[in-house]
Amino acid sequence: MTEVTTVRNTTWDELKVGDEASVERTASAQDFYLFAHVTGNINPANLPGNEGAQPLAPSMWIGSLISAVLGNRLPGPGTLYRVQNLAFHERVHLGEKLIASVRCSEKGDKPHAIFETRVTKENGSLVAEGIAEVEAPTETIVADARELPELILDEHDHFGKLVAVAAQLPPMPTAVICPDDRNALGGAVLSARKGLIVPVLIGDRVAIEKAALDLGVDISGYKLIEIENHSAAAAKAVELVHTGEVRAVMKGNIHSDELLAQVVKKDGGLRSSRRISHTFVMDVPTLDHLLFISDAAINIAPDLLTKVDITQNAIDLAIACGVKEPRVGVLSAVETVNVNIPSTLDAAVLSKMADRGQIRGGIVDGPLAMDNAIDMEAARTKGITSLVAGRAEILVVPNLEAGNMLAKELTFVARGEAAGLVLGAKAPVMLTSRADNDRARLASAALAQLYDYWRRNGKAFEPAEKAVADAAE
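Residues numbered from 1 in each chain as written. Predicted model: local features only at pLDDT ≥ 70, side-chain atom pairs only at ≥ 80, totals over all residues. Heavy atoms only, no water.

This part takes up the packing of helix α3 (residues 158-166) against helix α13 (residues 438-457). If you want to describe how two helices pack, look at the angle between their axes and the distance between the axes. Interhelical geometry of α3 versus α13 gives an angle of 50° and a closest axis separation of 9 Å. Regarding the angle of α3 to α13, the classification is oblique. Here α3 and α13 pass one another in a crossing that is left-handed. Together, F159, G160, L162, V163, V165 and A166 of α3 and R439, L442, A443, A446, L447, Q449 and L450 of α13 make up the contact between the two elements. Across the contact of α3 with α13, the residue classes tally to ten nonpolar, two polar and one charged. (Axes fitted to C-alpha atoms, helices over the stretch in contact; angles between N-to-C directions. Helix = DSSP H or I, 4+ residues; strand = E, 2+ residues; numbered from the N terminus. Parallel < 35°, antiparallel > 145°, perpendicular 65-115°, else oblique. Left-handed = near helix turned anticlockwise from the far one by under 90°. Contact = heavy atoms within 4.5 Å. Nonpolar A, V, L, I, M, F, W, Y, C, P; charged D, E, K, R; others polar.)

Across its 14 residues, helix α6 (residues 230-243) extends 20 Å between first and last C-alpha, which sits within 8% of the 20 Å expected from 1.5 Å per residue. Every buried residue belonging to α6 is among A233, A234, A237, V238, L240 and V241, and all of these are buried. Angularly, the buried residues of α6 cover 155° about the axis, an arc narrow enough to put them on a single face. Next to the buried residues of α6 lie β8 (172-177), β9 (197-203), β10 (223-226), β11 (248-251) and α7 (256-263). With a side-chain oxygen positioned 3.0 Å from the backbone nitrogen of S231, the residue opening α6 is N229. Just downstream of α6, G244 is the residue with a positive phi angle, here 85°. (Expected span 1.5 Å × (residues − 1). Buried < 20%, exposed > 50% of the residue type's maximum accessible area, 1.4 Å probe, protein only. Arc of directions from axis to C-beta. Polar contact = N/O pair within 3.5 Å; in protein donor to acceptor, adjacent residues only side chain to side chain.)

Here the focus is the pattern of salt bridges. For the structure shown, the criterion picks out 24 salt bridges. Of the charged contacts, one joins K236 and E239 as a salt bridge, the two residues approaching to 3.2 Å between their closest N and O atoms. Of this pair, K236 and E239 are both found in helix α6, three residues apart, which corresponds to roughly one turn of the helix. Note on K236: relative accessible area 22%, which makes it partly exposed. Residue class for E239 comes out partly exposed when judged on its relative accessible area of 41%. Across the salt bridge formed by R455 and D452, the nearest N and O atoms sit 3.9 Å from each other. A residue pair is termed a helical-turn pair when its members lie 3 or 4 positions apart in one helix, as R455 and D452 do in helix α13 at three residues. Since its relative accessible area comes to 33%, R455 is described here as partly exposed. A single network of salt bridges, built from pairs that share partners, joins R247, D452, R455 and R456. (Salt bridge = Lys/Arg side-chain N within 4 Å of Asp/Glu carboxyl O.)

One finds I219, F292 and L317 to be the most contacted residues of the largest nonpolar core, which totals 61 residues. By residue number, the principal contributor to this core is α13, which donates ten residues. In this structure, I219 is in contact with L185, V189, L201, I208, E209, A212 and L224, ignoring residues within four places of it in sequence. (Core = buried A, V, L, I, M, F, W, Y, C linked by side-chain atoms within 4.5 Å.)

Further remarks concern the sheet that holds strand β2 (residues 20-26). Pairing in this open sheet of five strands is antiparallel, and the strands run β2-β4-β5-β6-β3 from one edge to the other. The strands lining the two open edges of the sheet, one partner per strand, are β2 and β3 (80-88). When strand polarity is set aside, the average angle formed by the axes of neighbouring strands in this sheet is 20°. Relative to strand β6 (residues 126-135), strand β5 (residues 112-121) runs antiparallel, the two sharing nine bridges. The partner of H112 across the bridge, within β6, is E135. Across the face of the sheet, helix α2 (residues 59-72) comes into contact with β2, β3, β4 (97-107), β5 and β6 while running at roughly 140° to β3. (Pairing = 2+ DSSP bridges.)

Below is the structure:
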């Protein structure tokens with residue numbers, strides 16, 4: 001049974017002049033962000049990532065450390081503030097360790113008490129000092145030491161880094177199919193402005209020009225091929241890939257089925273020797289790396305051989321994005337082989353095929369349940385010894401339904417951002433959704449850039465060190 005830690009207060013009757021208490025805390029970026037969210041104080045000097053300057057701790061955040069001592073330690077639970085004055089002597093930078101302390105200097109009429117308050121740095125230098133007047137508790141309170149629920153903060157910007165790295169490559173000629181609404185045309189124009197693509201617009205000229213007018217953008221510098229029929233426009237995009245005029249395809253205001261019908265055609269399509277699949281790339285706030293999910297958009301109920309290509313395609317994309325040796329978790333409902341659950345058999349075979357070199361470039365393990373694929377503690381609890389368990393970067397799902405639900409749960413519940421790419425074809429296909437925001441569209445264009453470079457050069461693009469540093473900021 002887990003031991004419960006409790007906190008007991010000091011009542012006014014028990015409190016003595018000279019009683020002291022303190023807490024220690026290291027100023028973290030999360031503290032600064034949370035203070036900004038709670039108070040609305042977004043002073044740039046207090047937030048990390050502002051023009052490279054070392055952020056300063058908000059003064060009242062420092063004051064809150066004193067409140068924590070009074071409320072949690074001395075007098076403790078039940079204490080009510082009356083007055084607090086503070087004089088600030090030094091500024092506090094990110095990463096500095098602070099000690100907040102209080103000392104009872106006087107007892108007034110019950111339940112009033114006065115405390116000397118101080119905040120110092122680890123080296124003893126004085127940061128702030130003042131006097132607090134409180135109402136001390138008059139009854140004994142023994143309270144559980146509560147562990148507050150974890151907050152999710154968007155601390156990582158993996159998509160921003162992808163875009164910055166891909167922008168170092170020459171813009172990629174891209175067929176944009178039916179960009180005749182604000183979202184579709186806006187995504188193409190934004191990607192062009194960021195230096196990721198050179199758009200070739202294909203579709204109804206009148207509708208495209210109206211969308212440009214609505215957006216207030218000038219598209220006169222882009223090539224526009226007038227084809228009103230959606231299927232014919234998709235066919236033209238495929239044709240431009242074959243003639244070498246474009247190297248990628250971007251979905252606009254056209255149904256995915258109409259586009260993919262042209263891509264997967266046996267005669268004149270973009271099929272290669274490998275099965276075509278789709279990979280979602282997720283930027284999830286709780287993860288310090290990109291998460292690749294496949295296949296959640298094309299192959300409905302893939303058999304084993306199709307899963308081989310799905311896995312290989314996802315590995316290739318992860319490598320193109322700079323992941324040296326991607327860790328692949330093949331998902332099922334359980335982490336043991338069960339003959340009554342076919343996906344566990346497929347997972348075990350895929351794992352062994354990777355061991356034998358039939359799947360290359362990544363470390364593959366399965367079956368794994370979602371918890372022990374992504375969470376190290378869950379993997380340890382279940383006694384799973386694996387190079388993948390608890391730290392998977394690629395998740396291969398049993399079928400389209402599972403993958404689609406997983407990707408959308410991460411998007412709408414965990415506040416992840418999703419980009420995606422169709423792989424295994426003769427050119428990358430950006431299968432953007434009308435619900436995608438600008439960052440998702442940019443990230444999809446960046447994925448296409450990096451994947452195209454990998455396909456043509458047989459290795460991942462290695463950007464200049466300065467670009468990596470700039471992207472990290």
